[in-house]
Amino acid sequence: ERLRAMLGERGVDVTLLKTERAGHAMEIVQQLALQRGDAVLAVGGDGTLSDVVTGLMKRRDSMKNDVVVASIPAGTANCFANDIGVKTLEDAVKAVAGGRAVAVDIGEVHYTRGLPGSEALKKGERVVHYMCNLLGFGMAVDANIEAEKLRYLGPIRYDVGIVKEILRRNRRPVRIEADGTVIEQDVVLALGLNNQTTGKLLPMAPASVIDDGKLDFLLLPDLGRVTTFGLFNACKAGGKHVYHPAVQYLRVGKHLKVETPQPEAVNIDGENLGSTPVQVNLMPRALRFFVP
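For clarity, every value in this text was computed on a predicted model and none was experimentally measured.

Some thoughts on the overall build of the protein
Helix and strand counts for the protein stand at nine helices and 13 strands. Taking 2.2 N^0.38 as the reference for a compact globule, 292 residues should give roughly 19 Å; the C-alpha atoms of the protein span a radius of gyration of 19 Å, in line with that estimate. Here the C-alpha coordinates of the protein stretch approximately 55 × 40 × 35 Å along the principal axes. With 292 residues in all, the protein has 52% of them scored as buried. Within the protein, contacts between residues at least 6 apart in sequence are counted, and of these 72% link residues at least 24 apart. Accessible surface for the protein amounts to roughly 13,500 Å². Of this, 50% is attributable to carbon and sulfur atoms.

Description of the pattern of salt bridges
Counted according to the given criterion, the structure contains 16 salt bridges. Between Glu119 and Lys122 there is a salt bridge; the shortest N-O distance is 3.0 Å. On the criterion of helical spacing, the pair formed by Glu119 and Lys122 is a turn pair, its members being three residues apart in helix H6 (residues 119–122). Residue Glu119 shares its accessibility class with Lys122, and that shared class is exposed. Where Asp211 meets Arg285, a salt bridge forms, and the shortest distance between an N and an O atom there is 3.6 Å. Placement of the pair is Asp211 in the loop between strand E8 (189–193) and strand E9 (215–220) and Arg285 in strand E13 (residues 271–290), with a sequence separation of 74 residues. Its relative accessible area of 32% is what places Asp211 among the partly exposed residues.

Some points on the nonpolar core
Of all hydrophobic cores here, the largest spans 40 residues; its most connected members are Leu49, Val53, Leu56, Phe80, Ile106, Leu287 and Phe289. If near-sequence neighbours (up to four positions away) are discounted, Leu287 is found in contact with Val53, Leu56, Met57, Lys64, Val69, Val102, Ala103, Val104 and Ile106. In this structure, Val109, Val127, Val187 and Leu256 belong to the second largest nonpolar core, which totals 25 residues.

A closer look at the packing of helix H8 (residues 157–168) against helix H9 (residues 225–236)
At their nearest, the axes of H8 and H9 sit 9 Å apart, and the two run at 155° to each other. Here H8 lies roughly antiparallel to H9, going by the angle between them. Two packed elements cross with a definite hand, and for H8 against H9 that hand is right-handed. Packed against H8, whose contacting residues are Asp159, Ile162, Val163, Ile166 and Leu167, the element H9 presents Arg225, Thr228, Phe229, Phe232 and Lys236 at the interface. Considering only residue class, the contact of H8 with H9 consists of six nonpolar, one polar and three charged.

Here's the deal with the pairing of strand E11 (residues 255–259)
Residues Leu256 and Val258 of E11 are buried on one face, while the alternating residues His255, Lys257 and Glu259, pointing to the opposite face, are not. Two strands pair when backbone bridges link them, and E11 and E13 are joined in this way by four bridges, in the antiparallel orientation. What sits directly across from Leu256, in E13, is Val280.

Quick word on the packing of helix H7 (residues 139–148) against H8
Helix packing for two helices is described by the angle between their axes and how far apart those axes are. It is at 8 Å that the axes of H7 and H8 come closest, and there the two elements cross at 125°. With respect to H8, the axis of H7 lies oblique. Between H7 and H8 the crossing geometry is right-handed. Residues Met139, Asp142, Ala143, Asn144, Glu146, Ala147 and Glu148 of H7 form the contact with H8, whose participating residues are Arg157, Tyr158, Gly161, Ile162, Lys164, Glu165, Ile166 and Arg168. Taken together, the residues of the contact of H7 with H8 sort by class into six nonpolar, two polar and seven charged.

Describing the state of the cysteines
Applying the stated criterion to the full structure yields zero disulfides. Free cysteine: Cys132, not disulfide-bonded; nearest cysteine sulfur from Cys79 at 11 Å.

Brief notes about the environment of Gly136
With respect to the helices, strands and loops of the structure, Gly136 is situated in strand E5 (residues 134–138). Distance in space between the C-alpha atoms of Gly136 and Leu191 is 4.2 Å, their sequence separation being 55 residues. Not counting residues up to four positions away in its chain, the partners in contact with Gly136 are Val141, Ala190, Leu191, Ala265, Val266 and Asn267.

Digging into the environment of Pro261
Positionally, Pro261 belongs in the loop between E11 and strand E12 (265–268). Once the C-alpha coordinates of Pro261 and Tyr152 are considered, the two residues, 109 residues apart in sequence, prove to be 35 Å apart.

Topic: unusual backbone geometry
That bond from Thr276 to Pro277 is cis: its omega, 5°, falls within 30 degrees of zero. With respect to the helices, strands and loops of the structure, Pro277 is situated in strand E13. Even without being glycine, Asn78 reaches a positive phi, approximately 55°. Its location among the elements puts Asn78 in the loop between strand E2 (68–73) and helix H4 (79–83). Of note, the phi angle at Asp269 is positive, near 50°, even though the residue is not glycine. Tracing the chain through its elements places Asp269 in the loop between E12 and E13. Residue Asp269 is classed as buried on the basis of its relative accessible area, which comes to 0%.

What counts and how
Residues numbered from 1 in each chain as written. Predicted model: local features only at pLDDT ≥ 70, side-chain atom pairs only at ≥ 80, totals over all residues. Heavy atoms only, no water. Helix = DSSP H or I, 4+ residues; strand = E, 2+ residues; numbered from the N terminus. Rg over C-alpha atoms; globule rule 2.2 N^0.38 Å. Buried < 20%, exposed > 50% of the residue type's maximum accessible area, 1.4 Å probe, protein only. Contact = heavy atoms within 4.5 Å. Areas by Shrake-Rupley, 256 points an atom, 1.4 Å probe, with all protein chains shown as cover. Salt bridge = Lys/Arg side-chain N within 4 Å of Asp/Glu carboxyl O. Core = buried A, V, L, I, M, F, W, Y, C linked by side-chain atoms within 4.5 Å. Axes fitted to C-alpha atoms, helices over the stretch in contact; angles between N-to-C directions. Parallel < 35°, antiparallel > 145°, perpendicular 65-115°, else oblique. Left-handed = near helix turned anticlockwise from the far one by under 90°. Nonpolar A, V, L, I, M, F, W, Y, C, P; charged D, E, K, R; others polar. Pairing = 2+ DSSP bridges. Disulfide = S-S within 2.5 Å.

Laid out in structure tokens, this is it:
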């Protein structure tokens, strides 16, 4: 209501639609009677924004080319909004009222529905979701699952989750195919980002640009607990972890495949949505977002 009032003062007419369950934002956006010149405002965190983006990209009409998306930061981390300069509600209002928009890269992600061990996974159903922020598996996903159990701690739960996973030192064999280049090795973390930050605004991909047609992809092998803790601290100190010689930093321009011997949980834009194998098709400058 506060957002609607603030935009109303600037001559912007707002229709408020509330979500009732996980994935509901995706359904709402797919069914909206949109017109050219409309804007879709995603009020929430990175997961809500991801559902809105997916709903737009899955529409059968051309509205994704005619509307602009606004990320209204109301979640825990709000990484995507933060990285495009929308850090507060006031920033979001300024961006929408100002009318300036940039076209952002989107990733079309194919994965298997259901997390490891679930009944849904046994069906082997392949589904598609669209990412604007990140794709990850390994320590990043395990830490996110752990953090969800610790929501009462607030944003610091992400740090706690990562520390726990570093101590567990869970290695996974993986086969990566990035634009034809094949990498096979054991890793503790595989993470692809369209923007720079994830989790508690950690700069995991400090060189990432949202509209350069590239997905920045990191691979971290098992370097032992002490070194991994050091890399975690280096990341918090401005993304300096990428300078470690064992960290592989790829820039993917077209296609990415992630295959594992056993299904591994996959996180898309902060939500644990399914399992490997994963295929990502990059869609350069596919959707417009308001920026300050």
